[in-house]
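As a plain string of letters, each chain reads:
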Amino acid sequence: MTKRLILTRHTKSSWDDPNTLDHDRPLNTRGQTAATDLGLWLFSRDYVPSQVLCSDAERSLKTWDRIAPALPKTALLQIKPALYNAGPDVIMAVLRHAQTDVVMVIAHNPGIAEFASRIVTNTPLNTAFNNYPTGATLVCDFAIDDWSALAYGDGVTIEFVVPREIGL
(Lines give C-alpha, C1' and ligand atoms only; values in the text may rest on other atoms or scores of the structure.)
Protein backbone atom coordinates (compact mmCIF):
# COMPACT_ATOMS: atom_id res chain seq x y z
CA MET A 1 0.00 0.00 0.00
CA THR A 2 1.11 3.57 -0.59
CA LYS A 3 0.36 6.67 1.41
CA ARG A 4 0.71 10.13 -0.14
CA LEU A 5 1.55 13.33 1.72
CA ILE A 6 0.89 16.81 0.38
CA LEU A 7 2.91 19.10 2.64
CA THR A 8 2.01 22.79 2.24
CA ARG A 9 3.21 25.87 4.02
CA HIS A 10 0.42 28.46 4.31
CA THR A 11 0.49 31.15 1.65
CA LYS A 12 1.55 34.77 2.13
CA SER A 13 -0.04 36.53 5.08
CA SER A 14 -0.67 40.17 5.80
CA TRP A 15 1.39 42.27 8.17
CA ASP A 16 -0.74 45.40 7.56
CA ASP A 17 -2.13 45.66 11.07
CA PRO A 18 0.63 45.67 13.71
CA ASN A 19 -1.99 45.02 16.39
CA THR A 20 -3.04 41.69 14.88
CA LEU A 21 -1.69 38.72 16.78
CA ASP A 22 0.51 36.38 14.74
CA HIS A 23 -2.05 33.58 15.08
CA ASP A 24 -4.78 35.81 13.65
CA ARG A 25 -3.00 37.25 10.60
CA PRO A 26 -5.08 36.89 7.41
CA LEU A 27 -3.80 36.18 3.92
CA ASN A 28 -2.78 39.16 1.84
CA THR A 29 -3.90 39.49 -1.79
CA ARG A 30 -0.83 37.63 -3.06
CA GLY A 31 -1.48 34.82 -0.59
CA GLN A 32 -5.11 34.53 -1.66
CA THR A 33 -4.11 34.25 -5.32
CA ALA A 34 -1.31 31.79 -4.54
CA ALA A 35 -3.66 29.51 -2.58
CA THR A 36 -6.21 29.53 -5.40
CA ASP A 37 -3.41 28.70 -7.87
CA LEU A 38 -2.21 25.86 -5.62
CA GLY A 39 -5.70 24.38 -5.64
CA LEU A 40 -5.80 24.46 -9.42
CA TRP A 41 -2.29 22.99 -9.62
CA LEU A 42 -3.19 20.16 -7.23
CA PHE A 43 -6.30 19.38 -9.28
CA SER A 44 -4.36 19.47 -12.58
CA ARG A 45 -1.94 16.85 -11.20
CA ASP A 46 -4.65 14.75 -9.52
CA TYR A 47 -3.12 15.39 -6.10
CA VAL A 48 -6.40 15.39 -4.22
CA PRO A 49 -6.30 14.97 -0.45
CA SER A 50 -9.00 13.00 1.29
CA GLN A 51 -7.93 14.37 4.69
CA VAL A 52 -6.46 17.76 5.59
CA LEU A 53 -4.60 18.33 8.84
CA CYS A 54 -4.46 22.09 9.23
CA SER A 55 -2.98 24.47 11.76
CA ASP A 56 -5.61 26.56 13.50
CA ALA A 57 -3.90 29.84 12.51
CA GLU A 58 -6.08 32.11 10.36
CA ARG A 59 -3.60 32.12 7.46
CA SER A 60 -3.51 28.31 7.35
CA LEU A 61 -7.28 27.95 7.45
CA LYS A 62 -7.70 30.58 4.73
CA THR A 63 -5.06 28.85 2.61
CA TRP A 64 -7.20 25.69 2.70
CA ASP A 65 -10.38 27.71 2.07
CA ARG A 66 -8.84 29.00 -1.18
CA ILE A 67 -7.42 25.60 -2.26
CA ALA A 68 -10.54 23.50 -1.59
CA PRO A 69 -12.90 24.90 -4.28
CA ALA A 70 -10.60 23.68 -7.07
CA LEU A 71 -10.74 20.08 -5.88
CA PRO A 72 -13.43 17.63 -6.99
CA LYS A 73 -14.36 16.24 -3.61
CA THR A 74 -14.58 17.46 -0.07
CA ALA A 75 -11.70 16.37 2.11
CA LEU A 76 -12.09 15.65 5.80
CA LEU A 77 -10.74 18.85 7.38
CA GLN A 78 -9.24 18.44 10.83
CA ILE A 79 -8.06 21.60 12.53
CA LYS A 80 -4.98 20.79 14.61
CA PRO A 81 -3.88 23.53 17.03
CA ALA A 82 -0.66 21.55 17.65
CA LEU A 83 0.45 22.36 14.07
CA TYR A 84 0.65 26.09 14.83
CA ASN A 85 4.41 26.82 14.79
CA ALA A 86 5.07 23.09 15.30
CA GLY A 87 8.49 21.53 15.06
CA PRO A 88 9.12 18.45 12.92
CA ASP A 89 8.48 15.93 15.71
CA VAL A 90 5.05 17.43 16.43
CA ILE A 91 4.18 17.39 12.71
CA MET A 92 5.28 13.74 12.63
CA ALA A 93 3.15 12.89 15.69
CA VAL A 94 0.05 14.53 14.19
CA LEU A 95 0.58 12.85 10.81
CA ARG A 96 0.97 9.42 12.39
CA HIS A 97 -2.72 9.66 13.35
CA ALA A 98 -3.89 10.34 9.78
CA GLN A 99 -6.70 8.10 8.56
CA THR A 100 -6.76 8.22 4.76
CA ASP A 101 -4.38 7.37 1.92
CA VAL A 102 -3.84 10.95 0.68
CA VAL A 103 -3.25 13.51 3.41
CA MET A 104 -2.49 17.21 3.20
CA VAL A 105 -0.75 19.00 6.05
CA ILE A 106 -0.87 22.81 6.17
CA ALA A 107 1.56 24.29 8.68
CA HIS A 108 4.32 26.85 9.28
CA ASN A 109 8.02 27.52 9.05
CA PRO A 110 10.54 26.79 10.37
CA GLY A 111 9.11 23.43 11.44
CA ILE A 112 7.61 22.49 8.08
CA ALA A 113 10.91 23.12 6.26
CA GLU A 114 12.82 20.92 8.66
CA PHE A 115 10.13 18.24 8.55
CA ALA A 116 10.18 18.26 4.74
CA SER A 117 13.94 17.87 4.60
CA ARG A 118 13.91 15.01 7.10
CA ILE A 119 10.94 13.06 5.71
CA VAL A 120 12.19 12.42 2.16
CA THR A 121 14.94 10.20 0.80
CA ASN A 122 15.51 12.41 -2.24
CA THR A 123 15.30 16.17 -1.75
CA PRO A 124 14.01 18.14 -4.73
CA LEU A 125 16.57 19.94 -6.89
CA ASN A 126 14.58 23.17 -6.54
CA THR A 127 16.65 25.46 -4.29
CA ALA A 128 13.45 26.90 -2.78
CA PHE A 129 13.00 23.58 -0.98
CA ASN A 130 15.71 24.55 1.52
CA ASN A 131 13.79 27.50 2.98
CA TYR A 132 10.24 26.35 2.13
CA PRO A 133 8.74 29.73 1.23
CA THR A 134 5.08 30.55 1.70
CA GLY A 135 2.88 28.27 -0.37
CA ALA A 136 5.67 25.73 -0.94
CA THR A 137 4.16 22.30 -1.52
CA LEU A 138 5.86 18.92 -1.46
CA VAL A 139 4.13 15.79 -2.71
CA CYS A 140 5.75 12.56 -1.55
CA ASP A 141 4.83 8.91 -1.28
CA PHE A 142 5.50 6.31 1.41
CA ALA A 143 5.49 2.54 1.04
CA ILE A 144 3.55 1.98 4.25
CA ASP A 145 0.16 0.49 5.10
CA ASP A 146 -0.63 2.82 7.96
CA TRP A 147 0.49 6.33 8.86
CA SER A 148 1.55 5.07 12.30
CA ALA A 149 4.52 3.43 10.53
CA LEU A 150 5.76 6.76 9.14
CA ALA A 151 9.48 7.36 9.64
CA TYR A 152 11.96 10.07 8.70
CA GLY A 153 13.78 9.41 5.44
CA ASP A 154 11.12 7.11 3.98
CA GLY A 155 9.34 9.53 1.65
CA VAL A 156 9.90 9.47 -2.09
CA THR A 157 9.59 12.94 -3.61
CA ILE A 158 7.01 13.08 -6.39
CA GLU A 159 6.92 16.83 -6.94
CA PHE A 160 7.75 20.15 -5.28
CA VAL A 161 6.41 23.54 -6.26
CA VAL A 162 6.18 27.11 -5.03
CA PRO A 163 3.26 29.28 -6.21
CA ARG A 164 5.36 31.66 -8.33
CA GLU A 165 6.41 28.66 -10.48
CA ILE A 166 2.90 27.43 -11.19
CA GLY A 167 2.24 29.90 -14.01
CA LEU A 168 -1.50 29.46 -14.44
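Everything numeric in this text was worked out from a predicted model, so none of it was measured. (Residues numbered from 1 in each chain as written. Predicted model: local features only at pLDDT ≥ 70, side-chain atom pairs only at ≥ 80, totals over all residues. Heavy atoms only, no water.)

This paragraph deals with helix H3 (residues 88-95). For H3, the full list of buried residues reads Pro88, Ile91, Met92, Val94 and Leu95. The arc that holds the buried residues of H3, viewed along the axis, is 165°, so those residues lie on one side. The inward-facing, buried residues of H3 abut strand S1 (3-9), strand S2 (51-54), strand S4 (102-107) and helix H4 (111-119). (Buried < 20%, exposed > 50% of the residue type's maximum accessible area, 1.4 Å probe, protein only. Helix = DSSP H or I, 4+ residues; strand = E, 2+ residues; numbered from the N terminus. Arc of directions from axis to C-beta. Contact = heavy atoms within 4.5 Å.)

In the contact formed by helix H1 (residues 29-44) and helix H2 (residues 58-67), the axes pass within 7 Å of each other and the chain directions differ by 50°. The angle between the axes of H1 and H2 places the two elements in the oblique class. The two elements H1 and H2 cross, and the hand of that crossing is right-handed. Across from Gln32, Thr33, Ala35, Thr36, Leu38, Gly39 and Leu42 in H1, the residues of H2 making contact are Thr63, Arg66 and Ile67. Classifying every residue of the contact of H1 with H2 by side-chain character gives four nonpolar, five polar and one charged. (Axes fitted to C-alpha atoms, helices over the stretch in contact; angles between N-to-C directions. Parallel < 35°, antiparallel > 145°, perpendicular 65-115°, else oblique. Left-handed = near helix turned anticlockwise from the far one by under 90°. Nonpolar A, V, L, I, M, F, W, Y, C, P; charged D, E, K, R; others polar.)

The omega torsion of the bond from Asn109 to Pro110 falls at 5°, within 30 degrees of zero and hence cis. Inspection of the secondary structure puts Pro110 in the loop between S4 and H4. Despite not being glycine, Asp46 has its phi angle at roughly 60°, a positive value. Mapped onto the elements of the fold, Asp46 is located in the loop between H1 and S2. Phi angles above zero are rare outside glycine, and Asn85 is one such case at about 55°. Among the secondary structure elements, Asn85 is positioned in the loop between strand S3 (76-79) and H3. Residue classification places Asn85 among the partly exposed residues on the basis of a relative accessible area of 43%.

If you walk through the whole model with that rule in mind, you get eight salt bridges. Here Arg59 makes a salt bridge to Asp22, at a shortest N to O gap of 3.2 Å. Highlighted residues: Arg59 in helix H2 and Asp22 in the loop between S1 and H1, separated in sequence by 37 residues. The residue Asp89 makes a salt bridge to Arg118 at a minimum N-O spacing of 3.8 Å. One end of the pair, Asp89, is in helix H3; the other, Arg118, is in helix H4, with 29 residues separating them in the sequence. Given the relative accessible area of 32%, Arg118 is considered partly exposed. Several salt bridges share partner residues, and in doing so they unite Asp22, Arg25 and Arg59 into one network. (Salt bridge = Lys/Arg side-chain N within 4 Å of Asp/Glu carboxyl O.)

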